[in-house]
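Here is what each chain is made of, one letter per residue.
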Amino acid sequence: NAGVTQTPKFRILKIGQSMTLQCAQDMNHNYMYWYRQDPGMGLKLIYYSVGAGITDKGEVPNGYNVSRSTTEDFPLRLELAAPSQTSVYFCASAYHWDRVNEQFFGPGTRLTVL
Amino acid sequence: AQSVSQHNHHVILSEAASLELGCNYSYGGTVNLFWYVQYPGQHLQLLLKYFSGDPLVKGIKGFEAEFIKSKFSFNLRKPSVQWSDTAEYFCAVGSQGNLIFGKGTKLSVKP
């Protein structure tokens, strides 16, 4: 299994540009998550999904959108990039309810908005 | 709101020193507890977890943690650190499907 994969690894955007961060998992996990990590701040939950077709906001959803059309994929969309969105983005997945909190993380995407 | 506090922002140790990183959480119900490690430039990896049972849990690479319910704590320990333990360590509390992370403790081990 490849586990959780993310593309791209790095990206530089100009203010106002849009992009999609890709996340895929091949473990048949039903739960998927997007976090952002800023220095000294830990990880903040942006959006999560409990299954295909179901998404919900986390702690810091503003400026982002997600979709979950398949179990495997959970892309994160930035519509109008702002410097405040400069961060490292991690996607994670988890299996079933009684182990839902054991999350497996992808390698991350480092995004810079200039 | 639930929260997780990690007491130390940056810990510097010499090799072979003992390590204890503090973690306290605010949620009073049933929780699952985790320590994740992030080596420089890498993603988070699970070190150990507590769901129920023996409050002293052992993880990978010689790490262990003790759940003390009365103190809402889940401190991470290692008797003798190595240079390769240099990393950032995150405590996390799981409840109702999501994880709440602490802000992390950066550990630097001097050879």
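To start, this report covers the structure provided alongside it. Only a predicted model underlies this, so the values are computations on that prediction, with no experimental measurement involved.

**Digging into the pattern of salt bridges**
Right, so step 1: Scanning all chains against the criterion turns up eight salt bridges over all chains.
Right, so step 2: Taking the shortest distance from any N to any O, the salt bridge between Lys44 of chain A and Glu59 of chain A comes out at 3.6 Å. One end of the pair, Lys44 of chain A, is in strand β5 (residues 43–51); the other, Glu59 of chain A, is in the loop between β6 (54–57) and β7 (64–66), and 15 residues separate them in sequence.
Right, so step 3: Classification of Lys44 of chain A by relative accessible area gives partly exposed; the value is 23%.
Right, so step 4: A residue is classified by how much of its surface remains accessible, and Glu59 of chain A, at 53% relative accessible area, is exposed.
Right, so step 5: Residues Arg77 of chain B and Glu64 of chain B are paired through a salt bridge, measuring 3.5 Å at the closest nitrogen-oxygen approach. Separated by 13 residues along the polypeptide, Arg77 of chain B in strand β9 (residues 73–78) and Glu64 of chain B in strand β8 (residues 64–68) bring together distant segments of the chain.
Right, so step 6: When its relative accessible area of 19% is taken as the criterion, Glu64 of chain B is described as buried.

**Let's talk about the interface of chain A and chain B**
Right, so step 1: Taken together, the contact between chain A and chain B spans 20 residues of the former and 21 residues of the latter.
Right, so step 2: Taking both partners together, chain A and chain B bury about 1,600 Å²; carbon and sulfur atoms supply 58% of that area.
Right, so step 3: The interface formed by chain A and chain B holds one salt bridge in total.
Right, so step 4: The interface formed by chain A and chain B holds two residue pairs in polar contact (both at pLDDT 80 or more) in total.
Right, so step 5: Going through the elements one at a time, β4 (31–37) and β5 of chain A are the ones with two or more residues in the side of chain A that touches chain B.
Right, so step 6: For the side of chain A that touches chain B, a count of residues per class yields eleven nonpolar, six polar and three charged.

**Side note on the side chain of Arg68 of chain A**
Residue and element names in this part refer to chain A.
Right, so step 1: Residue position: Arg68 is located in the loop between β7 and β8 (76–78).
Right, so step 2: The side chain of Arg68 sits in the buried core without any salt bridge; Glu72 is the nearest counter-charge, 7.5 Å away.
Right, so step 3: For Arg68, the side chain forms a polar contact with the side chain of Ser49, separated by 2.7 Å.
Right, so step 4: Among the polar contacts made by the side chain of Arg68, one reaches the main-chain carbonyl oxygen of Thr70 at a distance of 3.2 Å.

**A short note on the pairing of strand β3 (residues 19–25) of chain A**
Residues and elements named next belong to chain A.
Right, so step 1: What you see with β3 is a clean split: Met19, Leu21, Cys23 and Gln25 sit on the buried side and Thr20, Gln22 and Ala24 on the side with no burial.
Right, so step 2: Here β3 runs beside β8; their pairing, made up of three bridges, is antiparallel. Within the sheet, the bridge partner assigned to Leu21 lies in β8 and is Leu76.

**So, the sheet that holds strand β1 (residues 4–7) of chain A**
Residues and elements named next belong to chain A.
Right, so step 1: Taken in spatial order, the four strands line up as β1-β3-β8-β7 in an open sheet, and their pairing is antiparallel. At either margin of the open sheet sits one strand with a lone partner, and together these are β1 and β7. Looking at each pair of strands side by side, their axes are set apart by 20 degrees on average, direction ignored.
Right, so step 2: Here three bridges tie β7 to β8, and the two strands are oriented antiparallel to one another. Bridge pairing links Asn65 to Arg77 in β8.

**What about the state of the cysteines?**
Right, so step 1: Applying the stated rule across the entire model yields two disulfides over all chains.
Right, so step 2: Disulfide pairing places Cys23 of chain A opposite Cys91 of chain A at an S-S distance of 1.8 Å. For the disulfide bridge between Cys23 of chain A and Cys91 of chain A, the dihedral angle about the S-S bond is near -70 degrees, and by the sign convention the bridge is left-handed. Of this pair, Cys23 of chain A sits in strand β3 while Cys91 of chain A is found in strand β9 (residues 87–94), placing the two residues 68 residues apart along the sequence. Cys91 of chain A carries the same exposure label as Cys23 of chain A, and that label is buried.
Right, so step 3: The disulfide partner of Cys23 of chain B is Cys91 of chain B, and the S-S distance across this bridge is 1.9 Å. Taking the torsion about the S-S bond as the criterion, the Cys23 of chain B to Cys91 of chain B disulfide, at about -65 degrees, is left-handed. One end of the pair, Cys23 of chain B, is in strand β4 (residues 23–25); the other, Cys91 of chain B, is in strand β10 (residues 87–95), with 68 residues separating them in the sequence. An identical accessibility class is assigned to Cys23 of chain B and Cys91 of chain B; each is buried.

Definitions and cut-offs
- Residues numbered from 1 in each chain as written.
- Chains lettered and ligands numbered in written order.
- Predicted model: local features only at pLDDT ≥ 70, side-chain atom pairs only at ≥ 80, totals over all residues.
- Heavy atoms only, no water.
- Salt bridge = Lys/Arg side-chain N within 4 Å of Asp/Glu carboxyl O.
- Helix = DSSP H or I, 4+ residues; strand = E, 2+ residues; numbered from the N terminus.
- Buried < 20%, exposed > 50% of the residue type's maximum accessible area, 1.4 Å probe, protein only.
- Contact = heavy atoms within 4.5 Å.
- Buried area = accessible area lost by both parts, 1.4 Å probe.
- Polar contact = N/O pair within 3.5 Å; in protein donor to acceptor, adjacent residues only side chain to side chain.
- Nonpolar A, V, L, I, M, F, W, Y, C, P; charged D, E, K, R; others polar.
- Lys, Arg positive; Asp, Glu negative; His and termini not counted.
- Pairing = 2+ DSSP bridges.
- Axes fitted to C-alpha atoms, helices over the stretch in contact; angles between N-to-C directions.
- Disulfide = S-S within 2.5 Å.

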